[in-house]
Amino acid sequence: MAELMAPKILDGCAANKALRAHDAPHGDVGATDVVMVLDHQALCWWRVLAPEAELLWLHVLDGSQGQGLGSLLLAASMEHLHHRLGVTQLFLEVSVKNNTAYHMYHKFGFKVVGTRKKYYQDKDTGNTCDAYVMTCNQFHH
């Protein structure tokens, strides 16, 4: 793998353009949101209401998956949220079927605190899937 650039925080139009490139389903960036990209191959989007933040979207482009980019970006964004913005509690939802993401989040200290029934819906089939609600207050990895 080629040497990676440092993760970069985007705002405004650049953030919204990156979200669309990564198929983010939630609309436009809000005033308290943090969008971070890694070589335009991986993106994460946090909604920050310090001392809490919720991960709205973490995505790695298909051709770049399996190279650890999601983990690198998650670590960098967690460090930024904690040390720069005073965040002490993180939340996210992850599909009960997404074992790869679940194990990555667990590795970073996220714990399941609940389940949202029929949270995700497949845009092609209409089938629904439950989501785990996970939280983390550990910022060392």
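Residue numbering note: each chain is counted from 1, following its sequence as written. Local features in a predicted model are, by the rule used here, given only for residues with pLDDT of at least 70; side-chain atom pairs are given and counted only at 80 or more, and totals for whole chains, interfaces and linings are based on all residues. Heavy atoms from the whole structure form the basis of all side-chain values; hydrogens and water molecules are not counted.

Student: I would appreciate a short explanation of the overall build of the chain in the present structure.
Tutor: Within the chain one finds three helices and seven strands. We compute the radius of gyration from the C-alpha atoms alone; for a globule the expected value is 2.2 Å times N to the 0.38, where N is the number of residues. The C-alpha atoms of the chain give a radius of gyration of 15 Å, which matches the 14 Å a tight globule of 141 residues would have. Overall, the C-alpha framework of the chain stretches about 35 × 30 × 30 Å when taken along its three principal axes. A buried classification covers 38% of the 141 residues belonging to the chain. Note on contacts: a residue pair qualifies if any of its non-hydrogen atoms lie within 4.5 Å across the two residues. Taking the contacts inside the chain whose residues are at least 6 apart along the sequence as the reference set, 57% of them involve residues at least 24 apart. Taken as a whole, the chain presents about 8,400 Å² of accessible surface, with 50% of it coming from carbon and sulfur. Charge assignment: positive for Lys and Arg, negative for Asp and Glu; neither His nor the chain ends contribute. The location of each charge is read from NZ of Lys, CZ of Arg, CG of Asp or CD of Glu. Across the chain, the centroid of the 12 positively charged side chains sits 3 Å from that of the 14 negatively charged ones. By definition, any uninterrupted DSSP run of H or I lasting at least four residues is a helix, any uninterrupted run of E lasting at least two residues is a strand, and each is numbered from the N terminus. For the exposure calls, accessible area comes from a 1.4 Å probe over protein chains only, and a residue counts as buried if that area is under 20% of its type's maximum, exposed if over 50%, partly exposed in between. Working definition of accessibility: Shrake-Rupley area with a 1.4 Å probe, residue cover restricted to the visible protein chains.

Student: Can you help me understand the pattern of salt bridges in this one?
Tutor: Once the charged atoms of two side chains with opposite charge are near each other, the side chains can pair. Salt-bridge detection follows one rule: a side-chain nitrogen of Lys or Arg within 4 Å of a carboxyl oxygen of Asp or Glu. One pass over the full model with this rule turns up four salt bridges. Between Arg20 and Asp28 there is a salt bridge, with its nearest N and O atoms 3.8 Å apart. For the residue pair Arg20 and Asp28, the accessibility class agrees, reading exposed in each case.

Student: How should the environment of Gly12 be read in this particular structure?
Tutor: Along the chain, the position of Gly12 falls in helix 1 (residues 12-21). Spatially, the C-alpha atom of Gly12 lies 33 Å from that of Lys117, the residues being 105 residues apart in sequence.

Student: Just checking my understanding: could you explain the side chain of Ser77 for this structure?
Tutor: By the secondary structure assignment, Ser77 is in helix 2 (residues 69-85). Within 3.5 Å is the distance limit for a polar contact, defined as a pair of N or O atoms, with the added protein rule that one can donate a hydrogen and the other accept it, and that residues adjacent in sequence qualify only through two side-chain atoms. A distance of 3.1 Å separates a polar atom in the side chain of Ser77 from the backbone oxygen of Leu74. Those residues in contact with Ser77, other than ones at most four positions away along the chain, are Met36, Cys44 and Trp46.

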